Amino acid sequence: MAKNLTSGNVFSILIKFSLPYLLSCFLQTFYGLADLFITGQFYGATAISAVSIGSQLMHMFTVILAGLAMGATVSIGRCVGERNQSALSRVVGNSIIIFALIAAASTVLLIFLASPLLRLIFTPEEAFGETLVYVLICFAGIPFITAYNVLSSIFRGLGDTKSPMIFVLVAGVFNIILDYLFIGLARWGTAGAASATVVSQAASVIFALISLRRIKNHGNADKNSSLRLAKEHFRLDSAVCARILKIGVPIALQDGLIQVSFMVITAIANSRGLAVAAAVGIVEKIICFLFLVPSAMLSSVSAIAAQNAGAALHERGKQTLGYAIAICVIFGAAVFAVCQFASERILRLFSSSEAEVIRLGAGYLRAYTLDCVFAGVHFCFSGYFCAYGKSLYSFAHNIISIAVFRIPGAVIASAKFPDTLYPLGLAAPIGSFFSVLICLAFFHHLSKQIGSLFQPQG
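Bear in mind the structure is a predicted one, so any value in this text is a computation, not a measurement.

Peer 1: Help me out: how do you make sense of the overall build of the protein in this one?
Peer 2: For the protein, the helix and strand inventory stands at 16 helices and zero strands. Against the compact-globule benchmark of 23 Å for 458 residues, the protein has a radius of gyration of 21 Å, which places it among compact chains. By the burial criterion, 59% of the 458 residues in the protein qualify as buried. Within the protein, contacts between residues at least 6 apart in sequence are counted, and of these 83% link residues at least 24 apart. Carbon together with sulfur atoms contributes 70% to the accessible area of the protein, which is approximately 17,500 Å² in total.

Peer 1: Teacher, can you tell me more about the side chain of T107 here?
Peer 2: Tracing the chain through its elements places T107 in helix 3 (residues 85–120). Non-local contacts of T107, meaning those with residues more than four positions away in its chain, are made with F139, A140, I142 and P143.

Peer 1: Teacher, can you tell me more about the side chain of S435 here?
Peer 2: On the secondary structure map, S435 appears in helix 16 (residues 427–449). If sequence neighbours within four positions are ignored, S435 has contacts with H378, H397, N398 and S401.

Peer 1: Hey, could you run me through the state of the cysteines in this one?
Peer 2: Joining two cysteines, a disulfide is a covalent bond between their sulfur atoms. Within the structure shown, the criterion is met by zero disulfides. C79 provides the cysteine sulfur closest to C241, a residue in no disulfide bond, and the two sulfurs are 13 Å apart. According to the relative accessible area criterion, C241 is buried, its value standing at 11%. Its sulfur unpaired, C372 is 7.2 Å from the next cysteine sulfur, which belongs to C339. Judged by relative accessible area, C372 falls into the buried class, the value being 0%.

Peer 1: It is not clear to me how helix 14 (residues 391–416) should be interpreted in this structure. Could you clarify?
Peer 2: One turn of the α-helix equals 3.6 residues, which is why residues spaced by three or four share an orientation. Spanning 26 residues, helix 14 covers 36 Å between terminal C-alpha atoms, matching the ideal 38 Å at 1.5 Å per step. Those residues of helix 14 that fall on the buried side of the exposure criterion are S391, Y393, S394, H397, N398, S401, I402, R406, A410, A413 and S414. Buried positions along helix 14 lie against helix 8 (238–271), helix 13 (371–387), helix 15 (422–425) and helix 16.

Peer 1: Please explain the nonpolar core as it appears in this structure.
Peer 2: Soluble globular proteins tend to bury their nonpolar side chains together. Counting residues in hydrophobic clusters, the biggest one holds 122 residues, and the most contacted among them are I76, I282, Y364, Y384 and L421. Sort the elements by how many residues they give to this core and helix 2 (residues 45–82) lands first, with 15 residues. Those residues within four positions of L421 in sequence are excluded, and the remaining contacts are R272, V276, A279, V280, L360 and Y364.

Peer 1: Even after reading the chapter, I still don't get the packing of aromatic side chains, so can you show me in this structure?
Peer 2: Centre-to-centre distance and the angle between the planes together describe a pair of aromatic rings. Counted according to the given criterion, the structure contains 15 aromatic pairs. Seen from their ring centres, F155 and F167 are 5.4 Å apart, and the 70° between their planes marks the pair as edge-to-face. Of this pair, F155 sits in helix 5 (residues 142–157) while F167 sits in helix 6 (residues 162–185), and the two are 12 residues apart along the sequence. Accessibility classification places F155 together with F167 in one group, the buried group. Following the ring pairs from residue to residue traces out a cluster consisting of F381, Y384, F385, Y388, Y393, F442 and F443. Note that R119 overlies the ring of F128, its terminal NZ or CZ placed 3.7 Å from the centroid.

Peer 1: Teacher, can you tell me more about the environment of I399 here?
Peer 2: Take I399: it is sitting in helix 14. On the basis of relative accessible area, I399 is assigned to the partly exposed category, the value being 26%. Separated by 36 residues in sequence, I399 and S435 have C-alpha atoms that sit 9.1 Å apart.

Peer 1: Looking at this structure, I do not really get the pattern of salt bridges. What am I missing?
Peer 2: Between side chains of opposite charge, a pair can form when the charged atoms approach closely. Scanning all chains against the criterion turns up two salt bridges. The residue E344 makes a salt bridge to R366 at a minimum N-O spacing of 2.3 Å. Here R366 lies in helix 12 (residues 355–368) and E344 lies in helix 11 (residues 314–348), a separation of 22 residues in the sequence.

Peer 1: Would you take a moment to explain unusual backbone geometry for this structure?
Peer 2: Outside of glycine, negative phi angles account for most residues, and trans bonds account for most peptide bonds. For A312, which is not a glycine, the phi torsion comes out positive at approximately 60°. Since its relative accessible area comes to 53%, A312 is described here as exposed.

Peer 1: Just to check I follow, could you spell out a nonpolar patch on the surface for this structure?
Peer 2: Taken together, the side chains of L169, V173, I177, L181 and L185 define a hydrophobic patch exposed on the protein surface, amounting to about 470 Å² of accessible area. Note that V173 resides in helix 6. On the accessibility criterion, V173 (44% relative accessible area) is partly exposed.

Conventions adopted
- Residues numbered from 1 in each chain as written.
- Predicted model: local features only at pLDDT ≥ 70, side-chain atom pairs only at ≥ 80, totals over all residues.
- Heavy atoms only, no water.
- Helix = DSSP H or I, 4+ residues; strand = E, 2+ residues; numbered from the N terminus.
- Rg over C-alpha atoms; globule rule 2.2 N^0.38 Å.
- Buried < 20%, exposed > 50% of the residue type's maximum accessible area, 1.4 Å probe, protein only.
- Contact = heavy atoms within 4.5 Å.
- Areas by Shrake-Rupley, 256 points an atom, 1.4 Å probe, with all protein chains shown as cover.
- Disulfide = S-S within 2.5 Å.
- Expected span 1.5 Å × (residues − 1).
- Core = buried A, V, L, I, M, F, W, Y, C linked by side-chain atoms within 4.5 Å.
- Phe/Tyr/Trp six-rings, centres within 6.5 Å; stacked < 30°, edge-to-face > 60°.
- Lys NZ or Arg CZ within 6 Å of the ring centre and 35° of its normal.
- Salt bridge = Lys/Arg side-chain N within 4 Å of Asp/Glu carboxyl O.
- Patch = residues over 30% accessible without salt bridge, like charges linked within 9 Å, V, L, I, M, F, W, Y side chains within 5 Å.

Structure follows, in C-alpha cells:
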C-alpha cells in the first residue's frame, strides 16, 4: 500500500525513507564486493581483474536501468501525492510492460556484443577469457536484474523502501553462500562468481513478485492511493509511457554517460598493465560502496519531493533537498578524511599479496574519495530536479562535467603521471565540483517557476 510522505517532520521522513533504501543498496553492493573478495581469496590478479572488469560492465547496465526506473518512481509518487488511484494503476502497469521489453532486447544485444565490448575497454589479454565467461553468464541474467529494478521502483514510488531492502537481503544471503560453494568448493572461478550473482537475483525477484501480489490483493484503506491492478492497466498507454520515459530516459542517459567516463578510465588503466587494471578495478568497487549514501539521498529526495510536488507542498520538497545535502556533505568529508590515513589497509582487504596493486590503488583512492563530498551535493539536486520532471537539468550538468572535465582530466593525468594514480583520481571530484555550480544555477531558475510546474494528472 502507498505511504503518505506529505505530512509530518521532513527530516524524520527523509531518514525513515532513506535508511532502508541505504541498507538495501549496502547489501546489494556488499554482495558485489563479496564476489571480488572471495575470488581474491582463492585466485590471483587475473581472476580479480576479470571479476572487477566484468562486474563494472554489469554495474554500468544496472545503473542505466535504475536511472530509467526513476521515471516510474517519480510518476508513481506524483499519483500518490495527487491521490489518483486510476493514474497510479496505469503507471504501474505500463512500467512493467516497458521494462519487460527492455529486458528482452538488452539480453539479446549484450550477449551478442559481449566480446567487442571487452575489446573496446582494452581488457588485458591474460584476463580476457575469464572476463568473457563472467559477463556472458551475467548478461543471461539481465531479465532478473530488470525485474528487480522495476519492482523496487514501484515500491519506492509508493513510499515503501523496506520491501526492496528485504528483496536484496534475500539476494545477498544467497549470493554469499553460493560464492563460497561455486568459487571455493566447486572451483568454478569467475564463472562461479557470475552464476552466484544470477541465481541470487532470481531469488530476490521471486520474493518481490510475492510482495507485489500481496499489495495488489489487500490494497489500502485509502482507495484513492491504493494499488489495484487489472488487465486493462497492462495495455500500453502512449501518454503514460511518454511521462515515464520523459523523466527516466535523460537520467538513464546521464548515468550511462557517467559510466562511460568510468569505462574510459578503466580502458586507460587496462592499457597500462595488469597491476593498474586490478588497482583501478578494486577502487571503483570501493567507490561504488561509498557512493551508497549519495545514491540513497538522490532516490529519497526524488520520491519524497515527487509526492509533495503532486500535493503542491513545494516547500517540503526544498526542505528535503536541504537536509539531504547536509547529510551528504558530512558523510563525504568523513570518508575523505578516513581514506587519507587508511587507504593501504583498505586495499589489502582485496589484494593482500600484490604490493604494486596496493601502492597504486591507495593513491587512487586518496584522491578519488574527495568526490564523495561534491558528488553527494549534485546527486541530491538531481533527485530534486527529477521530482519536478526536470531530469534534463541533471542530464545537462553531468554531460558538461564529463565532456569538459572528467574524461579530458583522466587522459591528461594518465599521460603526465605514469607512475602514480593519484592525479587520475582527481578527475572525478573536479568534474563534480563544476556540476555543483551548474546545479545551483538550475535550482535558482527552477525556484522561480516552480508554482506552475505541476498540474494534477487526469
